[in-house]
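Architecture and fold: a report
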Amino acid sequence: MGYARYAINRNGEQAVYAFGRERGEFSANDLREVLPETGRGFLGAAIGALRCSGVIEHTGRMVPSTSGPTKGHGIHVWRLSARGRRLAGRSAAATLEAA
(Lines give C-alpha, C1' and ligand atoms only; values in the text may rest on other atoms or scores of the structure.)
Protein backbone atom coordinates (compact mmCIF):
# COMPACT_ATOMS: atom_id res chain seq x y z
CA MET A 1 0.00 0.00 0.00
CA GLY A 2 2.80 2.44 0.84
CA TYR A 3 4.49 1.94 -2.53
CA ALA A 4 1.20 2.40 -4.37
CA ARG A 5 0.62 5.71 -2.57
CA TYR A 6 4.16 6.80 -3.44
CA ALA A 7 3.65 5.88 -7.10
CA ILE A 8 0.38 7.82 -7.27
CA ASN A 9 1.99 10.77 -5.50
CA ARG A 10 4.98 10.72 -7.87
CA ASN A 11 2.70 10.42 -10.91
CA GLY A 12 0.60 13.30 -9.58
CA GLU A 13 3.66 15.47 -9.14
CA GLN A 14 4.82 14.69 -12.68
CA ALA A 15 1.33 15.42 -14.03
CA VAL A 16 1.34 18.81 -12.27
CA TYR A 17 4.74 19.65 -13.76
CA ALA A 18 3.58 18.59 -17.24
CA PHE A 19 0.32 20.55 -17.10
CA GLY A 20 2.12 23.55 -15.66
CA ARG A 21 4.78 23.51 -18.41
CA GLU A 22 2.47 22.75 -21.32
CA ARG A 23 -0.81 24.48 -20.43
CA GLY A 24 0.13 27.04 -17.83
CA GLU A 25 -3.06 26.57 -15.79
CA PHE A 26 -4.84 23.42 -14.64
CA SER A 27 -7.40 22.11 -12.16
CA ALA A 28 -8.12 18.81 -10.47
CA ASN A 29 -10.41 18.09 -13.44
CA ASP A 30 -7.36 17.97 -15.71
CA LEU A 31 -5.35 15.81 -13.32
CA ARG A 32 -8.18 13.31 -12.83
CA GLU A 33 -8.16 12.67 -16.58
CA VAL A 34 -4.55 11.46 -16.60
CA LEU A 35 -4.05 9.89 -13.16
CA PRO A 36 -5.13 6.42 -12.10
CA GLU A 37 -7.97 6.07 -9.61
CA THR A 38 -6.59 7.64 -6.44
CA GLY A 39 -9.27 7.09 -3.83
CA ARG A 40 -11.54 9.55 -2.14
CA GLY A 41 -9.88 12.85 -1.23
CA PHE A 42 -6.36 11.85 -2.20
CA LEU A 43 -6.07 14.18 -5.19
CA GLY A 44 -7.22 17.12 -3.09
CA ALA A 45 -4.68 16.26 -0.41
CA ALA A 46 -1.90 15.99 -3.00
CA ILE A 47 -2.84 19.38 -4.49
CA GLY A 48 -2.92 20.87 -0.99
CA ALA A 49 0.56 19.51 -0.27
CA LEU A 50 1.93 20.98 -3.51
CA ARG A 51 0.35 24.34 -2.64
CA CYS A 52 1.75 24.30 0.90
CA SER A 53 5.22 23.39 -0.37
CA GLY A 54 5.17 26.33 -2.77
CA VAL A 55 5.09 24.31 -6.00
CA ILE A 56 1.72 25.62 -7.22
CA GLU A 57 -0.27 28.78 -6.62
CA HIS A 58 -3.91 29.70 -7.05
CA THR A 59 -4.76 31.81 -10.10
CA GLY A 60 -7.77 33.41 -8.46
CA ARG A 61 -10.13 31.56 -10.78
CA MET A 62 -12.44 28.62 -10.15
CA VAL A 63 -14.18 26.16 -12.50
CA PRO A 64 -17.00 23.67 -11.89
CA SER A 65 -15.81 20.21 -10.87
CA THR A 66 -16.45 17.42 -13.35
CA SER A 67 -16.40 14.75 -10.62
CA GLY A 68 -19.88 13.33 -10.15
CA PRO A 69 -19.92 13.21 -6.33
CA THR A 70 -19.05 16.92 -6.08
CA LYS A 71 -22.18 17.96 -8.02
CA GLY A 72 -20.26 20.61 -9.92
CA HIS A 73 -19.04 22.73 -7.01
CA GLY A 74 -16.23 25.17 -7.74
CA ILE A 75 -12.63 24.03 -7.70
CA HIS A 76 -9.48 26.13 -7.90
CA VAL A 77 -7.43 26.71 -11.03
CA TRP A 78 -3.69 26.43 -10.36
CA ARG A 79 -0.40 27.35 -12.02
CA LEU A 80 3.20 26.54 -11.21
CA SER A 81 4.89 29.01 -8.89
CA ALA A 82 8.44 30.22 -9.60
CA ARG A 83 9.68 27.33 -7.44
CA GLY A 84 7.40 24.92 -9.30
CA ARG A 85 8.74 26.08 -12.67
CA ARG A 86 12.32 25.46 -11.49
CA LEU A 87 11.39 21.97 -10.26
CA ALA A 88 9.45 21.23 -13.45
CA GLY A 89 12.50 22.16 -15.51
CA ARG A 90 14.70 19.83 -13.47
CA SER A 91 12.11 17.07 -13.80
CA ALA A 92 11.99 17.48 -17.60
CA ALA A 93 15.80 17.47 -17.82
CA ALA A 94 16.01 14.29 -15.71
CA THR A 95 13.41 12.60 -17.93
CA LEU A 96 15.41 13.46 -21.05
CA GLU A 97 18.63 12.14 -19.50
CA ALA A 98 16.94 8.86 -18.58
CA ALA A 99 15.64 8.34 -22.14
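The notes below deal with the structure included here.

The rules we used
Residues numbered from 1 in each chain as written. Predicted model: local features only at pLDDT ≥ 70, side-chain atom pairs only at ≥ 80, totals over all residues. Heavy atoms only, no water. Helix = DSSP H or I, 4+ residues; strand = E, 2+ residues; numbered from the N terminus. Buried < 20%, exposed > 50% of the residue type's maximum accessible area, 1.4 Å probe, protein only. Contact = heavy atoms within 4.5 Å. Polar contact = N/O pair within 3.5 Å; in protein donor to acceptor, adjacent residues only side chain to side chain. Core = buried A, V, L, I, M, F, W, Y, C linked by side-chain atoms within 4.5 Å. Pairing = 2+ DSSP bridges. Arc of directions from axis to C-beta. Salt bridge = Lys/Arg side-chain N within 4 Å of Asp/Glu carboxyl O.

1. Overview of the environment of Ser65
Its place among the elements puts Ser65 in the loop between strand S2 (56-64) and strand S3 (74-80). Residue Ser65 is classed as buried on the basis of its relative accessible area, which comes to 9%. Through-space distance from the C-alpha of Ser65 to that of Ala28 is 7.8 Å; in sequence the pair is 37 residues apart. Here Ser65 is in contact with Asn29, Arg32, Thr70, Gly72, His73 and Ile75, once residues within four sequence places are set aside. Within the local environment of Ser65, its side chain forms a polar contact with the backbone nitrogen of Ser67, the two atoms lying 3.1 Å apart. In terms of polar contacts, Ser65 uses its side chain to reach the side chain of Thr70, at 2.9 Å.

2. Regarding the nonpolar core
Val16, Phe26, Leu31, Ile47, Val55, Ile56 and Leu80 are the most contacted members of the largest nonpolar core, which has 18 residues in total. Elements supplying a minimum of two residues to this core: helix H1 (2-22), helix H2 (28-34), helix H3 (42-52), S3 and helix H4 (82-98). Tallying contributions element by element places H1 first for this core, with 4 residues. With residues near it in sequence (within four places) discarded, Phe26 still touches Val16, Phe19, Gly20, Leu31, Ile56, His76, Val77, Trp78, Arg79 and Leu80.

3. Notes on the sheet that holds S2
As summarised here, the arrangement of the 3 strands in space is S1-S3-S2, forming an open sheet in which the pairing is antiparallel. Strand pairing shows two members of the sheet lacking a second neighbour, strand S1 (25-26) and S2, which therefore form its edges. Pairing of S1 with S3 involves 2 bridges; the strand directions are antiparallel. Following the sheet pairing, Phe26 is matched in S3 by Trp78.

4. A word on the side chain of Asp30
Take Asp30: it is sitting in helix H2. If we ignore the near neighbours within four places in the chain, the residues touching Asp30 are Phe19 and Arg23.

5. Focus: the side chain of Ser27
Among the structural elements, Ser27 can be located in the loop between S1 and H2. Given the relative accessible area of 5%, Ser27 is considered buried. Residues in contact with Ser27, not counting those within four places in the same chain, are Val63, Ile75, His76 and Trp78.

6. Some points on H3
Within H3, burial applies to Phe42, Leu43, Ala46, Ile47 and Leu50. Along the axis of H3, the buried positions cluster into a sector of 135°, meaning they face one direction only. Opposite the buried face of H3, at more than 90 degrees from it, the exposed residues are Gly44 and Cys52. One or two steps after H3, the chain reaches Gly54, where phi turns positive at roughly 80°.

7. Describing the pattern of salt bridges
Applying the stated criterion across every chain yields a total of 3 salt bridges. Between Asp30 and Arg23 there is a salt bridge, and its shortest N-O distance comes to 3.3 Å. Its salt-bridge partner being Arg61, residue Glu25 comes within 2.8 Å of it at the nearest N-O pair. With Glu25 in strand S1 and Arg61 in strand S2, this pair connects stretches of sequence that are 36 residues apart. The exposure class assigned to Arg61 is partly exposed, which follows from its relative accessible area of 42%.

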